[in-house]
Amino acid sequence: MRKFLVVLDDSRECLNAMRFAAMRAARTGGGVEILAVIPPEEFNHWIGVGDIMREEARERIMAHFEVFAKWMRDKQGIDPELVIREGEPVPEILAQVREDPEVGILVLGAGTDKKGPGPLVTELSRNSGNLPVPLTIVPGEFTKEQLEAIC
């Protein structure tokens, strides 16, 4: 089965990427894999404090995942899977794509502020010619209705 890999983070544009991935998976018989990356700078503290912060980050990720997973199950009939990795986001995203042969498309949401589409979109699109899968960038300004129309 082909899976749409979508990155879970605290950005607003993440919502549109999740919606798009779930709708496309539902319409094409695919699946959704949600990747959350815990950056290493969250753990550069004293021994023990880093472990507590790592566990708190995982709990936050699980809470966010459950919200998206419930929506995907209830509205799209998709039961997503969660993968949590630790490290720098771009290398971890690339590693996940390379390590999971069922991932067929990487889906990212583009930011809407004046600073640009966001660091993940910028970095991954810059190197899109070397990606092992297609990259789909979902505009952050799209409404739910616009997403439904293109999916």
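Criteria and thresholds
Residues numbered from 1 in each chain as written. Predicted model: local features only at pLDDT ≥ 70, side-chain atom pairs only at ≥ 80, totals over all residues. Heavy atoms only, no water. pLDDT = per-residue confidence, 0-100. Helix = DSSP H or I, 4+ residues; strand = E, 2+ residues; numbered from the N terminus. Contact = heavy atoms within 4.5 Å. Polar contact = N/O pair within 3.5 Å; in protein donor to acceptor, adjacent residues only side chain to side chain. Buried < 20%, exposed > 50% of the residue type's maximum accessible area, 1.4 Å probe, protein only. Axes fitted to C-alpha atoms, helices over the stretch in contact; angles between N-to-C directions. Parallel < 35°, antiparallel > 145°, perpendicular 65-115°, else oblique. Left-handed = near helix turned anticlockwise from the far one by under 90°. Nonpolar A, V, L, I, M, F, W, Y, C, P; charged D, E, K, R; others polar. Salt bridge = Lys/Arg side-chain N within 4 Å of Asp/Glu carboxyl O. Arc of directions from axis to C-beta. Pairing = 2+ DSSP bridges.

Participant: Is there a simple way to think about the confidence of the model for the protein chain in this case?
Facilitator: Regions with low pLDDT should not have their predicted coordinates read in detail. In this model, the protein chain carries a mean pLDDT of 91, and residues with pLDDT of at least 70 account for 95%. Here helix H5 (residues 144-150) stands out as the element of the protein chain with the lowest mean pLDDT, 90, in contrast to strand S1 (residues 3-8), whose mean of 98 is the highest.

Participant: Can you walk me through the environment of Arg-85 in this structure?
Facilitator: Its location among the elements puts Arg-85 in strand S3 (residues 81-86). Separated by 55 residues in sequence, Arg-85 and Gly-140 have C-alpha atoms that sit 25 Å apart. Apart from the residues within four sequence positions on either side, Arg-85 is in contact with Leu-35, Ala-36, Val-37, Ile-38, Glu-92, Ala-95, Gln-96 and Glu-99. A distance of 2.8 Å separates a polar atom in the side chain of Arg-85 from a polar atom in the side chain of Gln-96.

Participant: I'm lost on the side chain of Asn-16 in this one. Help?
Facilitator: Relative to the helices and strands, Asn-16 is located in helix H1 (residues 14-28). Its relative accessible area of 4% is what places Asn-16 among the buried residues. Apart from the residues lying within four places of it in its own chain, the contact partners of Asn-16 are Val-138, Pro-139, Gly-140, Glu-141, Phe-142 and Leu-147.

Participant: So what exactly am I meant to see when it comes to the packing of helix H3 (residues 89-99) against helix H4 (residues 119-126) here?
Facilitator: Geometry of a packed helix pair, given as the angle between the helix axes and the separation of the axes. Two elements in contact, H3 and H4, have axes whose closest approach is 10 Å; the angle formed by their N-to-C orientations is 55 degrees. When the axis of H3 is compared with that of H4, the two are oblique. Seen from above, H3 lies across H4 with right-handed handedness. When H3 is examined against H4, the residues Pro-89, Val-90, Ile-93 and Leu-94 are found in contact with a partner set consisting of Leu-120, Glu-123 and Leu-124.

Participant: So what exactly am I meant to see when it comes to the packing of H1 against helix H2 (residues 49-76) here?
Facilitator: In contact at an axis separation of 11 Å, H1 and H2 are set at 35 degrees when each is read in the N-to-C sense. As H1 runs across H2, the sense of the crossing is right-handed. Judged by residue contacts, Cys-14, Leu-15, Met-18, Arg-19, Ala-22, Met-23, Ala-26 and Arg-27 of H1 engage Phe-68, Trp-71, Met-72 and Gln-76 from H2. In terms of residue class, the contact of H1 with H2 is made up of nine nonpolar, one polar and two charged.

Participant: Looking at this structure, how should I read the pattern of salt bridges?
Facilitator: Pairing of side chains with opposite charge becomes possible as their charged atoms draw close. In this structure the tally under the stated criterion is 12 salt bridges. Close ionic contact of Asp-79 with Arg-73 constitutes a salt bridge, the shortest N to O distance being 3.2 Å. Residue Asp-79 is classed as exposed on the basis of its relative accessible area, which comes to 58%.

Participant: Is there a simple way to think about H4 in this case?
Facilitator: Every α-helix carries 3.6 residues per turn, so stepping three or four residues along brings you back to the same face. Those residues of H4 that sit buried are Leu-120, Val-121 and Leu-124. Projected down its long axis, H4 shows its buried positions confined to an angular sector of 95 degrees, all on one face. Along H4, exposed side chains directed more than 90 degrees from the buried face belong to Pro-119 and Arg-126. Buried positions along H4 lie against S1, H3, strand S4 (103-110) and strand S5 (135-139).

Participant: Please explain the sheet that holds strand S2 (residues 31-38) as it appears in this structure.
Facilitator: Paired through backbone hydrogen bonds, the strands of a sheet run either parallel or antiparallel to each other. Read from one edge to the other, the open sheet built from five strands follows the order S3-S2-S1-S4-S5, with strand pairing classed as parallel. Each edge of the sheet is formed by a strand with only one pairing partner; in this case those strands are S3 and S5. Taking each pair of neighbouring strands and ignoring which way they run, the sheet shows an average axis angle of 30 degrees. In this structure, S4 lies alongside S5, joined through five bridges in parallel fashion. Each bridged residue has a counterpart across the sheet, and for Val-107 the counterpart in S5 is Thr-136. Where H2 meets the sheet, its contacts fall on S1, S2 and S3, and the angle it forms with S2 comes to roughly 160 degrees.

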